[in-house]
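One-letter residues, chain by chain:
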Amino acid sequence: MAKRLKDTLYEKIMDWRPRTERLMKEYGNVVVDKVTIGQILGGMRGIKSLVSDISYLDPQEGIRYRGYTLPEVFEKLPKARGGEMPMVEGLFYLLLTGDMPTEEQAAEVADEFNKRRILPRFIYELIDAMPCCSHPMTIFSTAILTLHRESFFTKKYHAGINKLDYWDPTYEDSLNLLAKLPEIATYTYAKLYRDGKRIQSNPNLDFGGNFAHMMGIGKPYDDVSRMHFIVHADHEAGNVSAHTGHLVASSLSDVYLSISAMVNGLAGPLHGLANQEVLRWLQDLMDKMNGAVPTEDELKQFVWNTLNSGQVIPGFGHAVLRKTDPRYMLQREFSLKNMPEDPLFKVVDMLYNVVPPILLEQGKAKNPWPNVDAQSGVIQWHYGIKEYDFYTVLFGIGRAIGICANIIWDRALGYPLERPKSLTTAILEDIAAGRNVEIED
C-alpha cells in the first residue's frame, strides 16, 4: 500500500530542513539582489526577496508547479474518472510533495477531502444571514474567516506545541478548509443567484466534479472546473493574494485567517478582476456589432480605436511572461474542442491572431501575447455562470490550493515573521543625491 500523503510530506520536510538551515547559517550574508528607488516606489516589483518552492514563474515557460510546466502537469497528473482533465486532488499532492502522484495517491487525497467536506451548521446560518446584495467575495471571505473557531492549529498552539511540529496542525487545517471551499462557494452562489436553492454535495465525486454538480451544470463543466482551479492554483509568492496569504501566516495566524486575507487581496480590481474586464470589453464590441461576429478588418479597427483612446487591450500582456501564457493555451485548446461555435469565443480566437501584431506595431507592449484572463471569463459565461462578481470566487478556490501548500511548508521550515524595513521620502532623496545616509536594520 502506498504511503499516506502526510507520512510522505513528513519525510520530505525532514529532508528539506537541513537545506534552509545551512543556507541561513553559512550563506546568510550572500547578496541576492540590488534594489533601486524605482522598485521601492513602484510596488517592490521584481525585487527578489521571497521564497516559494511550490511554483516559479518562468518568463519563457510560464508557471511551473514543482518544476513541471503546465502542459507537463496536465499530461502527467491522474485524470478524473469520466473526465479528460486532471484531478485537483492530484495537483495538491504534487504541490505538497514535489512528486507526481499515482492514481491511488490522488484518490487518497480525494477521500480525505470527502471525509472533511461537511460544513458546520453555523456557516450555513452565517451565509443565510448576509444581506442579499452582498458581494460574493465578501460572503466567501467571511465564511472562511468564521471557520477560524475550528482551527486545529490555534488549539494546539495555545495548548503548547513544539514549533518544529507547527506544520502538522496546519496541514490538518488546510485539508479541512480546502475540502469545504466548493460547498461554501456553491452555497453562496445559491443564496445570491438561485433563490437559495442548494444542491447537495456528492461524496462519490472528485473536487472539480463535485463543484460542477453543486453548481447544477452538466458535462463538460466538471472538466472546466478542474482546469480552472489547477491553472489558478499558484503564481509564485509575490502577487497580492499569494503574498498576503504568506504574510498573514508568518504571524502564526491560522490557515482560516490567512486564506480569508488572501481572498480579500484577490478581490481588488487590480488583481482578481481581469477576466471580468475582458468579458466586458468583448461584450461591448459585440454590442457595437449588434451581436454579429466582426470581420477581421472590423476587429482590427476596434482594437486600434481602443488603443488610440488611451486604453489597453484587456487580457493581453504580462508583467513577467514573454510568450503566450500556457494557461491561455490550455483554455484555448479546451474551447476549440468544446465550444468552437460560441460567438464570444470566435472573437477571442480572432483576437489571438489580430492583437499581437498590432501591439508590436504600436511598440509599447513588452509582451503582446494573451494571458490567462483573455478567455477564462468567456468559458464561464458559455457554461451559464453569467454573474461577473462570482468569477473571483472561482479564482479564490483555485488560489487557496497553492497558498495552503505554501503555508504548510512555511511552517515546516520555520520561516519567520515578515518584517521588511521602510524608508522615508527624505531618506530616498538623500540617497538619490549621493548623500551619506546611515540606515539601521
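Preceding this section is the structure that the text describes.
Position numbers for residues start from 1 in each chain and track the written sequence from start to end. Selection of residues for local features in this predicted model requires a pLDDT of at least 70, selection of side-chain atom pairs for listing and counting requires 80 or more, and totals for whole chains, interfaces and linings are taken over all residues. Side-chain metrics rest on all non-hydrogen atoms present in the structure, leaving aside hydrogens and water.

(A) Structural view of the overall build of the chain. Numbering of helices and strands runs from the N terminus; a helix is a DSSP stretch of H or I covering at least four residues, while a strand is a stretch of E covering at least two. What the chain contains, in helices and strands, is 20 helices and three strands. The globule rule is 2.2 Å times the number of residues to the power 0.38, and the radius of gyration it is compared with is taken over C-alpha atoms. The C-alpha radius of gyration of the chain comes to 23 Å, within 12% of the 22 Å expected for a compact globule of 441 residues. For the chain, the spread of C-alpha atoms along the three principal axes comes to 65 × 65 × 45 Å. Only protein chains enter the area calculation, which uses a 1.4 Å probe; residues under 20% of their type maximum are buried, those over 50% are exposed, and those in between are partly exposed. Out of the 441 residues in the chain, the part that is buried amounts to 52%. Any two residues whose heavy atoms approach within 4.5 Å at even a single point are treated as in contact. Relative to all contacts within the chain whose residues are 6 or more apart in sequence, the contacts with residues 24 or more apart total 74%. For the chain, the accessible area works out to roughly 21,000 Å², and carbon and sulfur atoms hold 52% of it. Charged side chains in the chain number 48 positive and 56 negative. The centres of these two groups are separated by 2 Å. For the accessible areas, the method is Shrake-Rupley and the probe is 1.4 Å, while residue cover comes only from the protein chains on display. Positive: Lys, Arg. Negative: Asp, Glu. His and the chain ends are not part of the count. Charged side chains are reduced to one point each, which is NZ for Lys, CZ for Arg, CG for Asp and CD for Glu.

(B) Representation of the side chain of Arg327 in the model. Within the secondary structure layout, Arg327 lies in helix α16 (residues 326–338). Nitrogen and oxygen atoms within 3.5 Å of one another constitute a polar contact, given that in protein one can donate a hydrogen and the other can accept it, and given that sequence-neighbouring residues count only through two side-chain atoms. Side chain to side chain, Arg327 and Asp325 meet in a polar contact 2.7 Å long. Sequence-distant contacts of Arg327, that is, excluding residues within four places in its chain, are made with Ile63, Leu70, Val231, His235, His318 and Val372.

(C) Main features of the sheet that holds strand β1 (residues 55–58). Pairing between two strands requires that DSSP report at least two bridges joining them. The antiparallel open sheet is built from three strands, whose spatial order is β1-β2-β3. Of all strands in the sheet, those bounded by a partner on one side alone are β1 and β3 (68–69). Two elements, β1 and strand β2 (residues 62–65), share four bridges in a ladder whose sense is antiparallel. The residue of β2 that forms the bridge with Ser55 is Tyr65.

(D) Up close: the nonpolar core. Side-chain atoms within 4.5 Å link the members of a nonpolar core, which is a set of buried Ala, Val, Leu, Ile, Met, Phe, Trp, Tyr and Cys residues. Counting residues in each nonpolar core, the largest one holds 115 residues, and the members touching the most others are Tyr65, Leu91, Phe92, Phe140, Ile184 and Ile259. The residues touching Ile259, leaving out its near neighbours within four places in the chain, are Ile144, Leu177, Ala400, Ile403, Cys404 and Ile407.

(E) Up close: the packing of aromatic side chains. For this analysis, a ring pair means two rings from Phe, Tyr or Trp (six-membered ring only for Trp) whose centres lie within 6.5 Å, classed as stacked if their planes differ by under 30 degrees, edge-to-face if by over 60, and tilted for the remaining angles. Overall, the coordinates contain 18 aromatic pairs when judged by the stated rule. Ring centres of Phe153 and Tyr166 lie 5.6 Å apart, and the angle between their planes is 85 degrees; this geometry places the pair in the edge-to-face category. Residue Phe153 is found in helix α8 (residues 152–159), and its partner Tyr166 is found in the loop between α8 and α9 (167–193); the two are separated by 13 residues along the sequence. We classify Tyr166 as buried; its relative accessible area is 14%. What links up through ring pairs into an aromatic cluster is the set Phe92, Phe113, Phe207, Phe211 and Phe229. Ring-over charges, as used throughout, are those where CZ of Arg or NZ of Lys falls within 6 Å of the ring centre and within 35 degrees of the ring normal. Between the NZ or CZ atom of Arg19 and the centre of the ring of Trp16, over which it lies, the distance is 4.1 Å.

(F) Focus on a nonpolar patch on the surface. Candidate patch residues must exceed 30% relative accessible area and have no salt bridge, after which like charges are joined if within 9 Å and Val, Leu, Ile, Met, Phe, Trp or Tyr side chains if within 5 Å. Between Lys or Arg on one side and Asp or Glu on the other, a salt bridge is scored when a side-chain nitrogen of the former is within 4 Å of a carboxyl oxygen of the latter. A grouping of Val35, Ile40, Leu41, Leu423, Ile431 and Ile439 is seen on the molecular surface, where their side chains present a nonpolar patch of about 490 Å² in accessible area. Note that Ile40 resides in helix α2 (residues 37–41).

(G) Broad picture of the packing of helix α11 (residues 221–231) against helix α19 (residues 391–412). Where α11 meets α19, the closest approach of the two axes is 8 Å, and the angle between their N-to-C directions is 55 degrees. Viewed along their axes, α11 and α19 adopt a mutual orientation that is oblique. The segment α11 lies against α19, with Tyr221, His228 and Phe229 engaging Leu394, Phe395, Ile397, Gly398 and Ile401. Gly falls in the polar group here, along with every residue not listed as nonpolar (Ala, Val, Leu, Ile, Met, Phe, Trp, Tyr, Cys, Pro) or charged (Asp, Glu, Lys, Arg). Partitioned by chemical class, the residues of the contact of α11 with α19 number six nonpolar, two polar and no charged. Axis lines are fitted to C-alpha atoms, over the contacting stretch for helices. Their N-to-C directions set the angle, which ranges from 0 to 180 degrees. Under this scheme an angle from 65 to 115 degrees is roughly perpendicular, one under 35 degrees roughly parallel, and one over 145 degrees roughly antiparallel; angles in between are oblique.

(H) Region of interest: the pattern of salt bridges. Under the defined criterion, the tally for this structure stands at 24 salt bridges. By sharing partners, the salt bridges in this structure join Lys6, Asp111, Glu112, Lys115, Arg116, Asp168 and Glu172 into a single network.

(I) How the structure looks around the environment of Arg194. Mapped onto the elements, Arg194 comes out in the loop between α9 and α10 (207–215). The sequence separation of Arg194 and Met215 amounts to 21 residues, and the corresponding C-alpha distance is 9.9 Å. Once residues lying within four places of it in the same chain are set aside, the contact partners of Arg194 are Thr186, Tyr189, Ile199, Met214, Met215 and Gly216.

(J) Inspection of α11 at higher detail. For α11, a buried count of 11 out of 11 residues is recorded, marking the element as mostly surrounded by other parts of the structure. All of the buried residues in α11 are Tyr221, Asp222, Asp223, Val224, Ser225, Arg226, Met227, His228, Phe229, Ile230 and Val231.

(K) A look at α9. Helix span is expected to be 1.5 Å times the residue number reduced by one. With 27 residues, α9 should cover 39 Å at 1.5 Å per step; its first-to-last C-alpha distance of 38 Å lies within 8% of that length. Here the bend at each residue means the angle between axes fitted to two seven-residue stretches, the one ending at that residue and the one beginning there. Where α9 bends most, the angle comes to about 35 degrees, and this point is Lys180, followed within four residues by the proline Pro182. Buried residues dominate α9, accounting for 24 of its 27 residues.

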